[in-house]
Amino acid sequence: MNAVGLAEMLVRVTALNAAYAAAIDDDRLEEWPGFFVDQCLYKITSADNLRDGNEAGIVYADSRSMLADRVLALRRANIYERQTYRHIVGTARLIGSVAGEIRAETPFLVVRTMRDGRMDLFAAGRYRDRLADQGGELRFRERIVICDSSHFDTLVAIPI
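Okay, so let's go over this structure.

1. Considerations on the overall build of the protein
Piece 1. Of the regular secondary structure elements, the protein holds 3 helices and 7 strands.
Piece 2. For 160 residues, the compact-globule estimate of 2.2 N^0.38 gives 15 Å, and the C-alpha radius of gyration of the protein, at 16 Å, lies within 12% of that figure.
Piece 3. With respect to the principal axes defined by its C-alpha atoms, the protein has extents near 50 × 30 × 30 Å.
Piece 4. The burial tally for the protein puts 40% of its 160 residues in the buried class.
Piece 5. For the protein, the share of sequence-separated contacts (at least 6 apart) that also reach a separation of at least 24 residues comes to 59%.
Piece 6. Accessible area of the protein: about 8500 Å², with a carbon and sulfur share of 52%.

Below, the structure is given as structure tokens:
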């Protein structure tokens, strides 16, 4: 891919990451599954688990339907303290392109604000993504959320 093609792809990945974060931060969680292809993988894990080859994540979904079910559960079934996230998403690093699939890695920070106004650095890490172009729109085929810390708050309710 030439420099212009790389720049255009970087702009597209950046726009996707910005829209993804805004949907979560603005509590438009019903839009979240739409950022993924039908047969996808979404997983939250730690850098240690990834390095050690442990496949399990603290959150795991392997289809857009599972992501939609997670949102439905958040809205109707799960009981958790009201909170909001604010994502700070860094510049994506394009890793490569294989068979029409784009691979990227993007650093992130998530600040969580609780109902009482307390703010905490909730998560820091990187997204490792495999992206597919569907009708001119980029969608996640795989989004692995790799948190730098192995310590997870028991209140991982909202997607990261």
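2. Observations regarding helix α3 (residues 64–76)
Piece 1. In a regular helix each residue adds 1.5 Å, so 13 residues correspond to 18 Å; α3 covers 18 Å between its end C-alpha atoms and thus fits that length.
Piece 2. Packing partners of the buried residues in α3 comprise β1 (36–46) and β2 (59–61).

3. Quick look at the pairing of strand β6 (residues 119–134)
Taken residue by residue, a regular strand's side chains alternate between the two faces of the sheet.
Piece 1. In this sheet, β6 lies alongside strand β5 (residues 101–114) in antiparallel orientation, the contact comprising 12 bridges. Each bridged residue has a counterpart across the sheet, and for Leu109 the counterpart in β6 is Ala124.
Piece 2. Counting the residues in the hairpin turn of β5 and β6 gives 4 residues, including Gly117, whose phi is positive at 95°.
Piece 3. Note: β6 against strand β7 (residues 137–147), 10 bridges, orientation antiparallel. Among the inter-strand pairings, Arg130 is bridged to a residue of β7, identified as Glu142.
Piece 4. The hairpin formed by β6 and β7 contains 2 residues between the paired strands, and Gly135 there has a positive phi angle of roughly 60°.

4. Brief notes about the packing of aromatic side chains
Note on aromatic pairs: each is described by the distance of the centres and the angle between the planes.
Piece 1. Throughout the structure, instances matching the rule amount to 10 aromatic pairs.
Piece 2. When the centroid spacing of 5.5 Å and the interplanar angle of 75° are considered together, the rings of Tyr20 and Phe140 count as edge-to-face. Pair noted here: Tyr20 is in helix α1 (residues 3–25) and Phe140 is in strand β7, with a separation of 120 residues, a long-range link.
Piece 3. What makes Tyr20 buried here is its relative accessible area of 1%.
Piece 4. On the basis of relative accessibility, which here comes to 0%, the residue Phe140 falls in the buried class.
Piece 5. An angle of 85° between the planes, with centres 5.0 Å apart, marks the rings of Trp32 and Tyr42 as edge-to-face. With a gap of 10 residues between them, Trp32 in the loop between α1 and β1 and Tyr42 in strand β1 connect regions that are remote in the sequence. Take Trp32 and Tyr42: they sit in the same class, and that class is buried.

Conventions and cut-offs
- Throughout this document, residue positions are counted from 1 along each chain, in the order its sequence is written.
- Residue-level local features of this predicted model are given only where pLDDT is at least 70; pairs of side-chain atoms are given and counted only at 80 or more, and the full residue set underlies all totals for whole chains, interfaces and linings.
- Here the side-chain values reflect all heavy atoms present in the structure, with hydrogen atoms and water set aside.
- Working definition: helices are DSSP H or I runs of at least four residues, strands are E runs of at least two. Numbering for both runs from the N terminus.
- We compute the radius of gyration from the C-alpha atoms alone; for a globule the expected value is 2.2 Å times N to the 0.38, where N is the number of residues.
- To sort residues, take the accessible area from a 1.4 Å probe on protein chains only and compare it with the maximum for the residue type: under 20% means buried, over 50% means exposed, and anything in between is partly exposed.
- Throughout, a contact is declared for two residues whenever any of their heavy atoms are within 4.5 Å.
- What sets the accessible areas is the Shrake-Rupley method with a 1.4 Å probe; for residues, cover comes only from the shown protein chains.
- Expected span of a helix, by definition, is 1.5 Å for each gap between consecutive residues, and there is one gap fewer than residues.
- Paired strands are those between which DSSP finds at least two bridges.
- Any two of the Phe, Tyr and Trp rings considered here, Trp counted by its six-membered ring, make a pair once their centres fall within 6.5 Å; the pair's planes then place it as stacked at under 30 degrees, edge-to-face at over 60, or tilted in between.

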